[in-house]
Number of protein chains: 2
Amino acid sequence: MSRAAELATCTERPGELTRTFCSPAMHSAQQMVGDWFTAAGLQCRLDAATNLIGRFAAAQPAHVRPRTLIIGSHLDTVVNAGRYDGALGVLMGLALVELMAETGLDLPFAIEVIGFCEEEGVRYQTPYIGSRALVGDLTAELLARPDEAGVAMNEALRGFGGSPDRLAEAVLDPASVVAYIEPHIEQGPVLERLELPLGVVRGIAGQTRARFVLTGTAGHAGTVPMDGRRDALAAAAQLVLEVERIGRSQPGLVATVGHLLVAPNAANVIPGRVTLRLDLRHLDDPIRRAAFQEIQERAAAVAAQRSIECRLDWSEDQPAVACDPALVAAIGQCVADAGWQSHEMASGAGHDAVILARRVPVAMLFLRCKGGISHHPDESVTTEDVAAGLDVLVRLVGRLAAAEASS
Amino acid sequence: MSRAAELATCTERPGELTRTFCSPAMHSAQQMVGDWFTAAGLQCRLDAATNLIGRFAAAQPAHVRPRTLIIGSHLDTVVNAGRYDGALGVLMGLALVELMAETGLDLPFAIEVIGFCEEEGVRYQTPYIGSRALVGDLTAELLARPDEAGVAMNEALRGFGGSPDRLAEAVLDPASVVAYIEPHIEQGPVLERLELPLGVVRGIAGQTRARFVLTGTAGHAGTVPMDGRRDALAAAAQLVLEVERIGRSQPGLVATVGHLLVAPNAANVIPGRVTLRLDLRHLDDPIRRAAFQEIQERAAAVAAQRSIECRLDWSEDQPAVACDPALVAAIGQCVADAGWQSHEMASGAGHDAVILARRVPVAMLFLRCKGGISHHPDESVTTEDVAAGLDVLVRLVGRLAAAEASS
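Each chain has its residues counted from 1, running along the sequence as written. Chain A is the first chain written and ligand 1 is the first ligand written, with later ones labelled in order. Residues qualify for local features only when their pLDDT is at least 70, as the model is predicted, and side-chain atom pairs are given and counted only at 80 or more; totals for whole chains, interfaces and linings, by contrast, use all residues. As a rule here, side-chain values come from all non-hydrogen atoms in the structure, and water together with hydrogens is ignored.

Colleague: Would you mind going over the environment of Ala402 of chain B with me for this structure?
Modeller: Residues and elements named next belong to chain B. Only DSSP runs of H or I covering at least 4 residues are called helices, and only runs of E covering at least 2 are called strands; the numbering of each starts at the N terminus. For Ala402, the location among the structural elements is in helix 12 (residues 383-406). Residue class for Ala402 comes out partly exposed when judged on its relative accessible area of 47%. Along the backbone, Ala402 and Leu69 are 333 residues apart, and their C-alpha atoms lie at a distance of 13 Å. With a 1.4 Å probe rolled over the protein chains alone, any residue whose accessible area is under 20% of its type maximum counts as buried; one over 50% counts as exposed, and the rest are partly exposed.

In structure tokens:
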């Protein structure tokens, strides 16, 4: 907890916490965490994409090539962030290794604690830059992309000690990895409501993003009778309520209209056009896609009923990502062994685990956060909950070690 | 019709029609119309507030002081306007006098054709500057108000040939005025739907304007379950539909949410706050006020049901203005005499008649406009409908002359 507080002083904006990709604040943070890694006996390095990695060697004889258990999260933040989103996963990885070192247990695998250089997508409007490097997904097009100041990503990397020409070296060999484990604050209110410190993530919800444009007829609010109107906002209001109703119709489904613009948006003019954005998530892709289908049908029906044009302007489908079932079960068992009720849940937000799941088994452990608040300075976790999480991680390493040794 | 086309060339923005208070375009328009007035035998002057007035003298012997029938509308326009809103009323007044002159009829009153200098409120964000002068309502505070460039209204008037220190001379003496008659395009679709060229205005609807602020709790669209949300937009959607339902519940009532803003308005964030503006109009003030009461009650109920805060942030009540019942009846009779069905209706928009009604009997004659479109370059009326309107005005002058002579 004190490390989280100290790490939060590495910021590019005084008075708040903002730490973006390849910034001086990120450099300070990597120095600080790197010093902690080294003091804990980890071999510390930056990979070609400037991810910070601390390696805790295995106890295997020299002729065996041990695999690696990776644990961590990201070190960058959103603008005006809290101190736990990302950072807590890295610091829990470090604390875990310190605890393992104290036990003196001989591990059949190495543990690498990773602090990804970029997950939030602030600087290049694209997320997961750090974890993409580990799965070989930093494309030439992405590397050439400029930030707002016109600095291309590969220039930024180079200036920060990265090696955009040697990114292949950062890519994981799946055969050498036991798993990627990501501890993370929940960023939602579910665990708090259940009065549980920990949640076992079954997977990261798939997401539909879509934009609808409703076009009616603008007109004078005083002179056009009610029965002659084609009011785009009234139609949009119906659609917003349909989205909410459909979101409530399935456990685990969340459906949101977060963005809505009215044109011309003048108090005395009947709205002629409304643009709205839909965000729809569920762990089960068929459920989500059926809900999207239903929303489109309801939108068409509302539009037809009101003689309004409704156009699905744009949409994007991001499939759900499953955590490794054996890891989910193992973590659940460890939670139960530690004396807590094991609660399996979906992650509604994306995480580095989404990317790593393309190559290696992944799992996530959620920690309760106060009020579900995240991406905000009020982000808060308790020392007791972090201790419970570490207890579970220690147990998990024991289980994985036993399995690795017997395989 | 050709004069309306020619007058539309007096604009301050090439390629569109925009003619605001005390602009060079208004100067050109007043010159053009003034020349037409003079050619038609009218005595032409600018009053102290720069309203253009053409006087057609009465045929009374010199020792009698004849009263005056005023007819007209405004010569200014909105930005990117149509050519008939306002201007048509002035040009119909002129055409009426030309027709009266042709008949050689001796009138017991003078006719003054007035082109108000300002009605739309573009330059000083306050409407009716021209007609306010005729009722003595150009206050010192209003005259000191600056436009966007910092030019105070009295400076603008002075530079345009007005006399802000002699505004008292522009104020009407009610005893000397027979009536104010304003021909105007309907600016709505009612007459077109009824297939009638003309409408007799019973009064100008009263208006409630109000702003509501709905405050819920912003949150992550992916991580906050549906049953834990306080979504300000979903609440606002219900309110928009309640406003529409209540607007439909009474003949003649119009209720509009034309303006709505969402905060933070990001696709992946549950809306935390929505601001919306209500516009509510009816000719009968008690009906309008009861509807506003019902809307407030429904807003409170929706907010309570959703545990959201709903605040009526601001509201304004503008009472309805009745046209003179005897004039309404007389115009209705003239419409019928001309062979048309007389349709009495409310004006949903405000007009100079609203202001003049404080001092003198007023009446308005509406002309059908294409598609109900106004405040737009597509504004359109037919020559036939204007001819029908002139026929009715000629008949009306005859009726009023008979009444005036016998009184």
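Colleague: Looking at this structure, I do not really get the pattern of salt bridges. What am I missing?
Modeller: A pairing counts as a salt bridge when a side-chain nitrogen of Lys or Arg comes within 4 Å of a carboxyl oxygen of Asp or Glu. A complete count under the given rule lists 58 salt bridges over all chains for this structure. Linking Glu244 of chain A and Arg306 of chain B is a salt bridge whose minimum nitrogen-to-oxygen distance equals 2.7 Å. Note that Glu244 of chain A is positioned in helix 8 (residues 232-248) and Arg306 of chain B in the loop between helix 9 (285-305) and strand 12 (309-318), a pairing that runs across two chains. Grouping residues by exposure puts Glu244 of chain A and Arg306 of chain B together as buried. A salt bridge links Arg245 of chain B to Glu294 of chain B; the nearest nitrogen and oxygen atoms lie 3.5 Å apart. With Arg245 of chain B in helix 8 (residues 232-248) and Glu294 of chain B in helix 9, this residue pair connects regions lying 49 residues apart in the sequence. Since its relative accessible area comes to 29%, Glu294 of chain B is described here as partly exposed.

Colleague: I would appreciate a short explanation of the sheet that holds strand 9 (residues 254-263) of chain B in the present structure.
Modeller: For sheets, the rule is that strands pair by backbone hydrogen bonds, running either parallel or antiparallel. Residues and elements named next belong to chain B. Only strands that DSSP links by at least two bridges are regarded as paired with each other. Across the sheet, which stays open at both edges, the four strands sit in the order 9-11-7-12 with antiparallel pairing between neighbours. Of all strands in the sheet, those bounded by a partner on one side alone are strand 9 and strand 12. Neighbouring strand axes in the sheet, compared pairwise and without regard to direction, differ in orientation by 15 degrees on average. Pairing geometry for strand 7 (residues 206-215) and strand 12, over nine bridges, is antiparallel. Bridge pairing links Thr215 to Glu309 in strand 12. Here, residues are in contact when the closest pair of their heavy atoms is within 4.5 Å. Axes, fitted as lines to C-alpha atoms, cover a helix only where it is in contact. Angles between the N-to-C directions of the axes lie from 0 to 180 degrees. Strand contacts of helix 8: strand 7, strand 9 and strand 11 (273-282), with the helix running at about 170 degrees to strand 9, the strand carrying the most contacts.

Any link to function would need more than the numbers given here.
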